[in-house]
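Coordinate inspection notes
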Amino acid sequence: MMMRGMNMQGMMKQMQKLQKQMQKDQEELHATIFEGHASDDAVVVKFTGDHKMTDIAIKEEAVDPDDVDMLQDLVIMAVNDAMAKIDDQTQKTMGKYSRNIPGFQA
């Protein structure tokens, strides 16, 4: 009986340790800056790991008053590029926890 109580306590400690590490990893991920690029870097955007845009740079040649659609497409391309990088890194960073915590989805 004593063994079982100790085992449970040890498991709880492991879970708390894992939770702290998970929180730390998530905070670091959120603080990371991800860049998204459109063709020829005509548009470059920067996002934090928690999907907040912090910067956008648009090259002068991408701004054509007669072709606003092209600029919109370039912005979409750059943003989607950044989002894909965030998702990929989130999976790499947080995915390991889903193997250790039943029912947890990263």
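We now turn to the structure provided with this report. Bear in mind that the values here come from a model prediction, so they are computed numbers and not experimental data.

Parameters and conventions
Residues numbered from 1 in each chain as written. Predicted model: local features only at pLDDT ≥ 70, side-chain atom pairs only at ≥ 80, totals over all residues. Heavy atoms only, no water. Helix = DSSP H or I, 4+ residues; strand = E, 2+ residues; numbered from the N terminus. Contact = heavy atoms within 4.5 Å. Pairing = 2+ DSSP bridges. Axes fitted to C-alpha atoms, helices over the stretch in contact; angles between N-to-C directions. Patch = residues over 30% accessible without salt bridge, like charges linked within 9 Å, V, L, I, M, F, W, Y side chains within 5 Å. Areas by Shrake-Rupley, 256 points an atom, 1.4 Å probe, with all protein chains shown as cover. Salt bridge = Lys/Arg side-chain N within 4 Å of Asp/Glu carboxyl O. Buried < 20%, exposed > 50% of the residue type's maximum accessible area, 1.4 Å probe, protein only.

Of note, Lys85 is situated in helix α2 (residues 68-100). A sequence separation of 49 residues divides Lys85 from Gly36, and the C-alpha atoms of the two residues are 7.9 Å apart. Beyond its immediate sequence surroundings of up to four residues, Lys85 is in contact with Phe34, Glu35 and His37.

This part is about the sheet that holds strand β2 (residues 43-48). Here we have 3 strands laid out as an open sheet, ordered β1-β2-β3, and antiparallel in their pairing. Both outer strands of the open sheet, β1 (33-37) and β3 (53-58), are each paired with one neighbouring strand and no more. Along the sheet, successive strands turn relative to each other by an average axial angle of 15°, direction set aside. Across 5 bridges, β1 lies against β2 in antiparallel orientation.

Take a nonpolar patch on the surface next. Residues Met53, Ile56, Ile58 and Val63 make up a contiguous nonpolar surface patch of about 330 Å² in total accessible area. For Ile56, a relative accessible area of 37% puts it in the partly exposed group.

Below, the discussion takes up the pairing of β1. Residue alternation in β1 divides its side chains into a buried set, Phe34 and Gly36, and an unburied set, Ile33, Glu35 and His37. Counting the residues between successive antiparallel strands, the hairpin from β1 to β2 contains 5 residues, one of them, Asp40, with a positive phi of roughly 55°.

Topologically, Asp25 is positioned in helix α1 (residues 2-31). Other than its neighbours up to four places away in sequence, Asp25 contacts Thr93, Met94, Lys96 and Tyr97.

Evaluated as defined, the whole model comprises 6 salt bridges. For Lys46, the salt bridge goes to Glu35, with nearest N and O atoms at 3.9 Å. Placement of the pair is Lys46 in strand β2 and Glu35 in strand β1, with a sequence separation of 11 residues. Residue classification places Lys46 among the partly exposed positions, given a relative accessible area of 28%. A salt bridge links Lys92 to Asp88, with the nearest nitrogen and oxygen atoms 3.2 Å apart. Within this pair, Lys92 and its partner Asp88 are both found in helix α2, separated by 4 residues, close to a single helical turn. Judged by its relative accessible area of 56%, Lys92 is exposed.

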